[in-house]
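Structural characterization, general
Given next are the chains, with one letter for each unit.
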Amino acid sequence: MVFFWKKSQEEKLAEKGDKNAILKLIQQGKREKAIEILEKFKDNPELLRILYDLYMQEGKYYYAYQLIEHYDRSLGTAQERALIYERVGEREKAIEEYLKIGSFESLSSAGNLLYQMGKKEEALKVFERAIKLSPPSKKEELQKTIDGIKQELGIIKQEKESLIDKIRKGLQKTKEKALFGIILRGRKVDDELFEELEETLIRADVGAKTAIDIVEDLKKEAIKRNIKTSDGLRDILKEKFLLLLSNCEGRIEFKEGSTNVYLFLGVNGSGKTTTIGKLAYKFTSEGKRVLLCAADTFRSAAVEQLEIWAQRSGAHIVKKEEGADPASVVYEAMSKADNYDLVLIDTAGRLHTKEPLIRELRKIKSVINKFYPNEPTETLLVLDATVGQNSIAQAKVFKEALDITGIVLTKLDGTAKGGAIIPICKELKVPVKLIGVGEGIDDLQPFDAKLFVEELLSVEV
């Protein structure tokens, strides 16, 4: 039996170009049907605008672009046209529209596009216009961008901080609170000193048991070596720290001549997306081709932040709408991965949904392996140093999901818990590969255990 569905009177009217009937179809949720009809009436200015609005609502930017280019260049707002031009790769036209708007956000977007195109002088002029309109919360970040461009152009010169200076700066708060250098200088070796040293180790978040063990060892060595003043304990304490950190040092692996996939794990707020952005900048600065994958689709802010880093670093990005299946974003990125040296994948970190999170991460790994059976090259767990030892419990959830190849310890400059690196490494048995010692774009540094211990115990505060 064959059924013939009769068209409604409204649909018949819509097919004749009746505006009200078309709007009724849209209200009924028959958007695709409305688009199909409207595409036959592009010469009608009123219907053209309705079609344009539908394209924009559906995210069909290329189709909206075709309407602007071939039918009416005044369609939409300047903001919409700028977005369309940017999405279809017409960067010059996007910049023109952004400059017409002249708001802080639009000038920032124009500046970023100019910078990506290598037009640094023009980008600088636009950013200097933008900072005059900047809200207080954005001014400091934009000023850093301006200063960075000025340095690149040679307008201002700034001595580059050495690695030791960065580590010193990163451990400043820990040293101010722990004061190892002061305790271990010119003091008589007695019970009071050892008690104070134990408290200091605990304050630095080394862990109570580890602190007690270290102090007991120091007492034995002091008797054995006949040490009378605290200065003589410094070298012994260095030895103890270095022994505890002996298997904690690692380097980021990179395979020349093939695609390297780095998968990033970590709770929301750990600094995961910023870490990805800084690494993207580092690798693109070295001439590597980098693709960012925004697979944390549960937070629009994470996708937006990654987009900004893509613009800033010159990396490309794969993203989808908020709430999309993270594995589908990874699939799209993997399908393009052959054209890149590195693919950096951001993931969600919703620990309150432990089981779904574990399933999701395993699914992402499975998608990666369909394209590259031996990847990821690195599975990096990003931990917030300000949380200290408490991050160990978080880490165990991620270890349950996937094999972790390295730890990135961020925000070391913002905490007095620098000693937590010892129990973190000892408990998780995973090397620390990178540490974040500041907010600057190059303040993500390889972990050097010897340098770390030297600075932690140095006299200078």
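Rules of the game
Residues numbered from 1 in each chain as written. Predicted model: local features only at pLDDT ≥ 70, side-chain atom pairs only at ≥ 80, totals over all residues. Heavy atoms only, no water. Helix = DSSP H or I, 4+ residues; strand = E, 2+ residues; numbered from the N terminus. Buried < 20%, exposed > 50% of the residue type's maximum accessible area, 1.4 Å probe, protein only. Areas by Shrake-Rupley, 256 points an atom, 1.4 Å probe, with all protein chains shown as cover. Pairing = 2+ DSSP bridges. Axes fitted to C-alpha atoms, helices over the stretch in contact; angles between N-to-C directions. Contact = heavy atoms within 4.5 Å. Parallel < 35°, antiparallel > 145°, perpendicular 65-115°, else oblique. Left-handed = near helix turned anticlockwise from the far one by under 90°. Nonpolar A, V, L, I, M, F, W, Y, C, P; charged D, E, K, R; others polar. Salt bridge = Lys/Arg side-chain N within 4 Å of Asp/Glu carboxyl O. Expected span 1.5 Å × (residues − 1). Patch = residues over 30% accessible without salt bridge, like charges linked within 9 Å, V, L, I, M, F, W, Y side chains within 5 Å. Lys, Arg positive; Asp, Glu negative; His and termini not counted. Charge placed at Lys NZ, Arg CZ, Asp CG, Glu CD. pLDDT = per-residue confidence, 0-100.

Tallying secondary structure elements over the chain gives 23 helices and eight strands in all. When the 461 residues of the chain are sorted by exposure, 48% land in the buried category. Accessible area for the chain stands at about 22,800 Å²; split by element, carbon and sulfur atoms hold 49% of it.

Burial within strand 6 (residues 406-410) is extensive, with five of its five residues counted as buried. In this sheet, strand 6 lies alongside strand 5 (residues 378-384) in parallel orientation, the contact comprising five bridges. Paired with L383 across the bridge in strand 6 is L409. Inspection of the sheet shows strand 6 paired to strand 7 (residues 432-436) by three bridges, in the parallel sense. Paired with V408 across the two strands is L434, which belongs to strand 7.

Let us now look at the pairing of strand 7. Judged by how many residues are buried, strand 7 sits mostly within the fold: five of five residues are covered. In this structure, strand 7 lies alongside strand 8 (residues 444-446), joined through three bridges in antiparallel fashion. The partner of I435 across the bridge, within strand 8, is Q445.

Now for the sheet that holds strand 2 (residues 290-294). Pairing within the open sheet is mixed, and its eight strands lie in the order 3-2-4-1-5-6-7-8. Taken across any chain shown, the strands that pair with only one partner, and hence form the sheet edges, are strand 3 (316-318) and strand 8. Strand-to-strand twist across the sheet, computed as the mean angle between neighbouring axes with direction ignored, equals 25°. Strands strand 1 (260-265), strand 2, strand 4 (342-346), strand 5, strand 6, strand 7 and strand 8 of the sheet are contacted by helix 17 (residues 272-285), whose axis makes an angle of about 170° with strand 4.

For the rest of this paragraph, the subject is the packing of helix 7 (residues 91-101) against helix 8 (residues 104-116). The angle between the axes and the distance between the axes are what describe a pair of packed helices. Running from amino to carboxyl end, helix 7 crosses helix 8 at an angle of 150°, the nearest separation of the two axes being 8 Å. Classified by the interaxial angle, the pair formed by helix 7 and helix 8 is roughly antiparallel. In the packing of helix 7 onto helix 8, the handedness of the crossing is left-handed. Taken together, the residues of helix 8 that come into contact with helix 7 (itself represented by R91, A94, I95, Y98, L99 and I101) are S106, L107, S109, A110, L113, L114 and Q116. The residue inventory of the contact of helix 7 with helix 8, partitioned by class, reads nine nonpolar, three polar and one charged.

This part covers the pattern of salt bridges. One pass over the structure, following the stated rule, counts 28 salt bridges. Across the pair K60 and E32 runs a salt bridge, and its minimum N-O distance is 3.5 Å. Of this pair, K60 sits in the loop between helix 4 (45-58) and helix 5 (61-70) while E32 sits in helix 3 (residues 31-38), placing them 28 residues apart in sequence. On the basis of relative accessible area, K60 is assigned to the partly exposed category, the value being 23%. When its relative accessible area of 46% is taken as the criterion, E32 is described as partly exposed. When the shortest N-O distance is used, the salt bridge between E128 and K150 registers 3.6 Å. Placement of the pair is E128 in helix 9 (residues 120-132) and K150 in helix 10 (residues 136-153), with a sequence separation of 22 residues. What emerges from the salt-bridge pattern is a single network uniting E11, E15, K33 and E36.

In this model, helix 4 (14 residues) spans 20 Å end to end at C-alpha, consistent with the 20 Å of a helix rising 1.5 Å per residue. All of the buried residues in helix 4 are L47, L48, I50, L51, Y52, L54, Y55 and M56. Next to the buried residues of helix 4 lie helix 2 (19-27), helix 3, helix 5 and helix 6 (78-87).

A contiguous patch of negative charge, built from D191, E192, E195 and E199, is present on the exposed surface. Following the sequence through the fold, E195 ends up in helix 14 (residues 191-203).

When the pLDDT values of the chain are averaged, the result is 83; 89% of them are 70 or greater. The least confident element of the chain, judged by mean pLDDT, is helix 12 (residues 172-178) at 45; the most confident is strand 4 at 95. Per-residue pLDDT stays below 50 along residues 1-5; that stretch engages in zero contacts with residues further than four places along the chain or on separate chains. Segment residues 173-179 is flagged for pLDDT under 50; beyond a separation of four residues in sequence, or across chains, it makes 26 contacts in the model.

Looking along the chain, the bond that leaves E375 and enters P376 is cis, with omega of 0°. With a phi close to 55°, K429 is a non-glycine residue in the positive phi region. With respect to the secondary-structure elements, K429 resides in the loop between helix 22 (421-428) and strand 7. Residue classification places K429 among the exposed residues on the basis of a relative accessible area of 70%.

Let us look at the packing of helix 6 against helix 7. Two elements in contact, helix 6 and helix 7, have axes whose closest approach is 8 Å; the angle formed by their N-to-C orientations is 160°. Judged on the interaxial angle alone, helix 7 and helix 6 are roughly antiparallel. As helix 6 runs across helix 7, the sense of the crossing is left-handed. Across from A78, Q79, R81, A82, L83, Y85 and E86 in helix 6, the residues of helix 7 making contact are R91, K93, A94, E97, Y98 and I101. Looking at the contact of helix 6 with helix 7 residue by residue, the classes come out as seven nonpolar, one polar and five charged.

Attention shifts here to the environment of V290. You can see V290 is positioned in strand 2. Among the residues examined, V290 registers a relative accessible area of 3% and is labelled buried. In this structure, the C-alpha to C-alpha distance between V290 and A280, residues 10 residues apart in sequence, is 6.5 Å. In this structure V290 touches A280, F283, T284, A315, H316, Y340, L342 and L344, once residues within four positions along its chain are discounted.

Quick look at helix 10 now. Helix length check: helix 10, at 18 residues, gives a terminal C-alpha distance of 26 Å against a target of 26 Å (1.5 Å per residue), a fit within 8%. Buried residues in helix 10 make contact with helix 8 and helix 9. Phi turns positive, to about 80°, at G154, one or two residues after helix 10.

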